[in-house]
Amino acid sequence: MNTTASAADRANAAANAACPAIPPIAIGGFTLRSRLVVGTGKYRDYPVMQAAIEASGADCVTVAVRRERLVDAQGRSILDFLPLDRLTILPNTAGCFTADDAVRVARLGREILEQLGNPGAGWVKLEVLGDRTTLLPDPVGTIEACKELVKDGFAVLCYSSDDPIVAARLRDAGAASVMPAGSPIGSGRGIANPSAIRLVIERLKLTEQGGSPDYPVIVDAGVGTASDIVHAMELGADGVLLNTGIAHAQDPVRMAHAMRLALDAGWHTARAGRIPRKLYANASSPWEGVISHIPGE
Amino acid sequence: MRIELNGAPKDLDGTPTVADLVRHLGLERAACAVEVNARLVRKSEHAAHPLADGDRVEVVTLVGGG
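Draft legend 1. Looking closely at the interface of chain B and chain A. On the side of chain A, 30 residues touch chain B, which itself brings 21 residues to the contact. Among the elements that take part in the side of chain B that touches chain A, strand E5 (residues 56-64) of chain B stands out by supplying seven residues, more than any other. A per-class count over the side of chain B that touches chain A returns 11 nonpolar, six polar and four charged. With five bridges connecting them, strand E4 (residues 60-67) of chain A and E5 of chain B associate as antiparallel partners.

Dropping the structure here:
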């Protein structure tokens, strides 16, 4: 072992001793070890997807429900590349523009996951979209579908805008988690409005605002790079969901690794008590004992 | 009879059930779900659910998504 490696080992050992381990996240009866949830779309091929999921450390991945390609029944299925014994599948309702369609798609996804014996049959990532160009959520349709799916026994994770009032309405409609978008899906613009995300988190978590500290808030969409994840976690998110930021990176597996490290960094920095921002500098080396001439003194 | 299968017309002989259709498509072992006229037909009900002329049938599976 070389010197560098043992220094890294010592740093890891010191961190493990001093920092509490990152606890699993509980969402509507589900428990995930990793707070990073990754999508399975847009990869150039399935083996890269599989390796990226592995590198991300995620134990939950999202999938979509689509028409069976009846002409190509021999084609490889994504399910051949997802270790279903280790992953909880989170089916989404992507592509739905009405509450009715989202409820249909959620039920179809549950039917497939029940056949596969995957625990993901019990939950859904609800998306009811407003239009095709922004992919922003339709809040009215999302609330309507959320109520219907909760009635039908689903744990509903709601993709939402970063509006704190809408977030509270979704929570009140029975959502197991509200997942505000950092910025539009696939845009890679990170957290476009950090203040809004912070307001969503406070609205859902602070008891004085009717929230609960245990209510899970996951930033979903817009993550372009690892620092966006750190940012989301610093703002108080419980986890992050992303797809394009990994799948369309030049090296998806390496980016997935970076995203995993960012999640950990963000979790710890959010709890380590950062220094306040100051306008002026504050020297790190003491003034006392300087031998130099200080201008103006 | 003629049904609409995944958005395209499809002619079927006799009076098939959903189970017959799934077998005809070679999907009996595939991870898929079936809807008839926008209502889920659970796998346990496939054999007991007859198809009718004009039915709109969706056969879906899981794909990559975010």
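Draft legend 2. Fine view of the confidence of the model for chain B. Per-chain confidence: chain B averages 95 in pLDDT, with 100% of residues scoring 70 or above. Confidence estimates for the predicted assembly give a pTM of 0.91 and an ipTM of 0.95.

Draft legend 3. Representation of the sheet that holds strand E8 (residues 177-180) of chain A. Residue and element names in this part refer to chain A. As summarised here, the arrangement of the three strands in space is E6-E7-E8, forming an open sheet in which the pairing is parallel. The sheet is open, and its two borders are formed by strand E6 (123-126) and E8, each paired with just one other strand. Along the sheet, successive strands turn relative to each other by an average axial angle of 15 degrees, direction set aside. The pairing of E6 with strand E7 (residues 155-160) spans four bridges and is classified as parallel. Looking at E7, one finds that Leu-126 is bridged to Cys-158.

Procedures and definitions
Residues numbered from 1 in each chain as written. Chains lettered and ligands numbered in written order. Predicted model: local features only at pLDDT ≥ 70, side-chain atom pairs only at ≥ 80, totals over all residues. Contact = placed C-beta atoms within 7 Å. Helix = DSSP H or I, 4+ residues; strand = E, 2+ residues; numbered from the N terminus. Nonpolar A, V, L, I, M, F, W, Y, C, P; charged D, E, K, R; others polar. Pairing = 2+ DSSP bridges. pLDDT = per-residue confidence, 0-100. Axes fitted to C-alpha atoms, helices over the stretch in contact; angles between N-to-C directions.

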